[in-house]
Amino acid sequence: MASTEEDGSVEEKENNNKKRTKSAIAVAWLTFYNIAMTAGWLVLAMAMIRFYIQRGTHKGLYKSIARTLKFFQTIALLEVVHCAIGIVRTSVIVTGVQVCSRIFMVWFITNSIKQIQNEESVILFLVVWTVTEITRYSFYTFNLLNHLPYFIKWARYNMFIIMYPLGVVGELMTIYAALPYVRKTGMLSMRLPNKYNVSFDYYYFLIIVMLSYIPLFPQLYFHMLRQRRKVLLGEIIVEKDE
Ligand SMILES: CCCCCCCCCCCCC/C=C/C(=O)SCCNC(=O)CCNC(=O)[C@H](O)C(C)(C)COP(=O)(O)OP(=O)(O)OC[C@H]1O[C@@H](n2cnc3c(N)ncnc32)[C@H](O)[C@@H]1OP(=O)(O)O
């Protein structure tokens, strides 16, 4: 009897130790990840500012930062993994939509269509993303280190009120600017007849993507408003299973 109780408590202790080790590893990884991402977006900010000061124009800016942007934005796919494996308490769907829409903008719009890279709207979403991500990743970093300055917390949960719509305007205007080129060249499209007997029109796909902002963006925005109420005003919010 005594030995069973002892075994039980040893097993319990081992489980607790495992949990502690797992969460310590998770915290260490997230701290490293968030520091690296803050640094990455700071490098992008510096590169953009330097480019503009030296050239006095935004033309050519995207090309000059494209590699760094693609690298750090693509790495952000890890955030979906973080949610999926449960080391971050956020919805996989909300994070997935956010990250995938950004990756789509970078790889399938701005990177694929050189003719639109100098549009002002590209600079708009780049600046908005950069400011947002420096704030967001530094918020997570300081939070994990238990030394969160109030102004970073305030910025994280207030700036998005303006930044989110501005980012969406930049993204939608960029996709809109791409439409004539996509229609003219038929890029990434498959017309019938072909050996797979499949038809895909990238032009109409882009229109569907633009329309999908109408139901999806409010969900992301209201999610952030709920987070804001929870973190800044201390409201207890019961989330539905997402
Ligand atoms: C095939 C193509 C498909 C295209 C589809 C198109 C449709 C798209 C429509 C919508 C398009 C949107 C376009 C977006 C543009 C922009 O980004 S514009 C710039 C402005 N953007 C923002 O302000 C971004 C706001 N969004 C976010 O912050 C996130 O992406 C989020 C997922 C939407 C919300 O974040 P969330 O994680 O839920 O909230 P938090 O309060 O920050 O965190 C919750 C808890 O999770 C912890 N956490 C999260 N991440 C980390 C991390 N990296 N490290 C450590 N901890 C993390 C966080 O601390 C919280 O924990 P608790 O404190 O314990 O609650």
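Read on for a plain summary of the structure. Everything numeric here is computed off the predicted structure, so don't read it as measured data. Each chain has its residues counted from 1, following the order in which its sequence is written. In keeping with the predicted nature of the model, local features appear solely for residues at pLDDT of at least 70, side-chain atom pairs appear and are counted solely at 80 or more, and the whole-chain, interface and lining totals rest on all residues. Side-chain metrics rest on all non-hydrogen atoms present in the structure, leaving aside hydrogens and water.

1. Side note on a nonpolar patch on the surface
Here is step 1: Among the surface-exposed residues, Met190, Tyr196, Val198, Phe200 and Phe205 lie close enough to one another that they form a single nonpolar patch of about 430 Å² accessible area.
Here is step 2: Helix and strand assignments follow DSSP, with helices taken as H or I runs no shorter than four residues and strands as E runs no shorter than two, numbered in order from the N terminus. With respect to the helices and strands, the residue Phe205 is situated in helix α8 (residues 202-233). Here a patch means residues that are over 30% exposed by relative accessible area and free of salt bridges, tied together within 9 Å if like-charged and within 5 Å if nonpolar (Val, Leu, Ile, Met, Phe, Trp, Tyr). Here the open area of atoms and residues is found with the Shrake-Rupley method and a 1.4 Å probe, where only the protein chains shown may cover a residue. Salt-bridge detection follows one rule: a side-chain nitrogen of Lys or Arg within 4 Å of a carboxyl oxygen of Asp or Glu.

2. Some details on the site of the ligand
Here is step 1: Among the 33 residues in the neighbourhood of the ligand, the closest are listed as Tyr140, Arg156, Tyr157, His223 and Gln227.
Here is step 2: N or O atoms closer than or at 3.5 Å make up a polar contact, with two conditions inside protein: a donor-capable atom paired with an acceptor-capable one, and, for residues adjacent in sequence, both atoms drawn from side chains. In this structure, His223 approaches the ligand through a side-chain N or O atom, which is 2.6 Å from an oxygen atom.
Here is step 3: Burial of the ligand by the protein amounts to 87% of the accessible area it has alone, namely 1,400 Å².
Here is step 4: Of all the secondary structure elements, the ones that give two or more residues to the shell around the ligand are α1 (2-55), α4 (92-110), α5 (120-144), α7 (160-185) and α8.
Here is step 5: The biggest single contributor to the shell around the ligand is α8, with 8 residues.
Here is step 6: Charged residues are taken to be Asp, Glu, Lys and Arg, nonpolar residues to be Ala, Val, Leu, Ile, Met, Phe, Trp, Tyr, Cys and Pro, and polar residues to be all remaining types, Gly included. Taken together, the residues of the shell around the ligand sort by class into 16 nonpolar, 11 polar and 6 charged. A cutoff of 4 Å decides nearness: a residue is near a molecule or strand if any of its heavy atoms lies inside that distance of it.

3. Quick notes on the side chain of Ser189
Here is step 1: On the secondary structure map, Ser189 appears in the loop between α7 and α8.
Here is step 2: Under the relative-accessibility criterion, Ser189 is labelled buried at 18%.
Here is step 3: At 2.9 Å, the side chain of Ser189 and the backbone nitrogen of Tyr202 are in polar contact.
Here is step 4: The contact definition used throughout considers only heavy atoms, calling two residues in contact when any of these lie within 4.5 Å. Not counting residues within four places of it along the chain, the set of residues in contact with Ser189 comprises Phe200, Asp201, Tyr202 and Tyr203. With a 1.4 Å probe rolled over the protein chains alone, any residue whose accessible area is under 20% of its type maximum counts as buried; one over 50% counts as exposed, and the rest are partly exposed.

4. Description of the packing of helix α2 (residues 61-75) against α4
When two helices pack together, their arrangement is given by the angle between the helix axes and by the axis-to-axis distance.
Here is step 1: In this description, a line fitted to the C-alpha atoms serves as the axis of each element, helices being fitted only across the stretch in contact, and the angle between N-to-C directions of two axes falls anywhere from 0 to 180 degrees. The contact between α2 and α4 brings their axes to 11 Å, and the two run at 145°. Crossing geometry of α2 relative to α4 is assigned as left-handed. Facing Tyr62, Leu69, Lys70, Gln73 and Thr74 of α2, the residues of α4 in contact are Val99, Arg102, Ile103, Val106, Trp107 and Thr110.
Here is step 2: Of the residues in the contact of α2 with α4, the class split is 6 nonpolar, 3 polar and 2 charged. Crossings are classed by handedness, with left-handed meaning an anticlockwise turn of the near helix from the far one by less than a right angle and right-handed meaning a clockwise turn.

5. Considering the nonpolar core
Here is step 1: By nonpolar core we mean a set of buried residues, namely Ala, Val, Leu, Ile, Met, Phe, Trp, Tyr and Cys, connected to one another through side-chain atoms within 4.5 Å. Formed by 54 residues in total, the largest nonpolar core has its most connected members in Trp41, Leu69 and Leu126.
Here is step 2: Mapped by element, the contributors of at least two residues to this core are α1, α2, α4, α5, α7 and α8.
Here is step 3: No other element matches α8, which puts 11 residues into this core.
Here is step 4: Residue contacts for Leu126: discarding those within four places in its chain leaves Met48, Leu61, Tyr62, Ile65 and Leu69.

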